[in-house]
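Residue-level structure breakdown
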Amino acid sequence: MPARVVLYTRPGCHLCDEARPVVAAACGRSVAWEEVDISADAALTERYGEQIPVVTVDEAVVGFWRIDPARVKAALKRR
């Protein structure tokens, strides 16, 4: 089963804008990832609040605020 990589964001977040290309590069062409807007879901807003952007790999948080591509890649290798 492939890794599930999610980038949690919200509109108007400049760190989210910076995180998108970082996650895309870390995942490369072999790992699909999705972006989820937390403002559309009260539970996600409660969970992640001001920590966004948040990146998870298989539901485990691997980074927030400034996303480190090395941590994302390491999480993908560990699975």
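See above for the structure.
Presented here is a report on the structure given in the accompanying data block.

Reading the values: the criteria
Residues numbered from 1 in each chain as written. Predicted model: local features only at pLDDT ≥ 70, side-chain atom pairs only at ≥ 80, totals over all residues. Heavy atoms only, no water. Helix = DSSP H or I, 4+ residues; strand = E, 2+ residues; numbered from the N terminus. Buried < 20%, exposed > 50% of the residue type's maximum accessible area, 1.4 Å probe, protein only. Salt bridge = Lys/Arg side-chain N within 4 Å of Asp/Glu carboxyl O. Expected span 1.5 Å × (residues − 1). Contact = heavy atoms within 4.5 Å. Pairing = 2+ DSSP bridges. Axes fitted to C-alpha atoms, helices over the stretch in contact; angles between N-to-C directions.

Our next topic: the environment of E59. Structurally, the position occupied by E59 is in the loop between β3 (54-57) and β4 (60-64). Look at E59 and you get exposed, because its relative accessible area is 62%.

It is possible for side chains of opposite charge to pair when their charged atoms get near one another. The full count for this structure, using the stated rule, is six salt bridges. Ionic pairing is found between R66 and E18, a salt bridge with its closest N-O pair at 2.5 Å. Residue R66 is found in the loop between β4 and α3 (69-78), and its partner E18 is found in helix α1 (residues 14-27); the two are separated by 48 residues along the sequence. R66 sits in the exposed class, given a relative accessible area of 57%.

Moving on to unusual backbone geometry. Note the cis peptide between I52 and P53, where omega equals 0°. Mapped onto the fold, P53 is located in the loop between α2 (42-48) and β3. With a phi angle near 50°, D58 is a residue other than glycine that sits in the positive phi range. As for its placement among the helices and strands, D58 is situated in the loop between β3 and β4. By relative accessible area, D58 is classed as partly exposed at 34%.

As a further point, take α1. Compared with the 20 Å implied by 1.5 Å per residue over 14 residues, the 21 Å span of α1 between its first and last C-alpha is a close match. Among the residues of α1, those classed as buried are L15, C16, A19, V23, A26 and C27. Those residues of α1 that are buried lie in contact with β1 (5-9), β2 (33-37), β3 and α3. Of the residues flanking the end of α1, it is G28, one or two places downstream, whose phi is positive at about 60°.

Once that is clear, we can look at the sheet that holds β2. Taken together, four strands build an open sheet; the order of strands is β2-β1-β3-β4 and the sheet is mixed. For this open sheet the edge positions go to β2 and β4, each flanked by a neighbour on one side alone. Strand-to-strand, the axes of this sheet are offset by a mean angle of 25°, without reference to chain direction. The pairing of β3 with β4 spans four bridges and is classified as antiparallel. Bridging across to β4, V57 finds its partner in A60. Contacts from α1 reach β1, β2 and β3, with the element oriented near 175° to β1.

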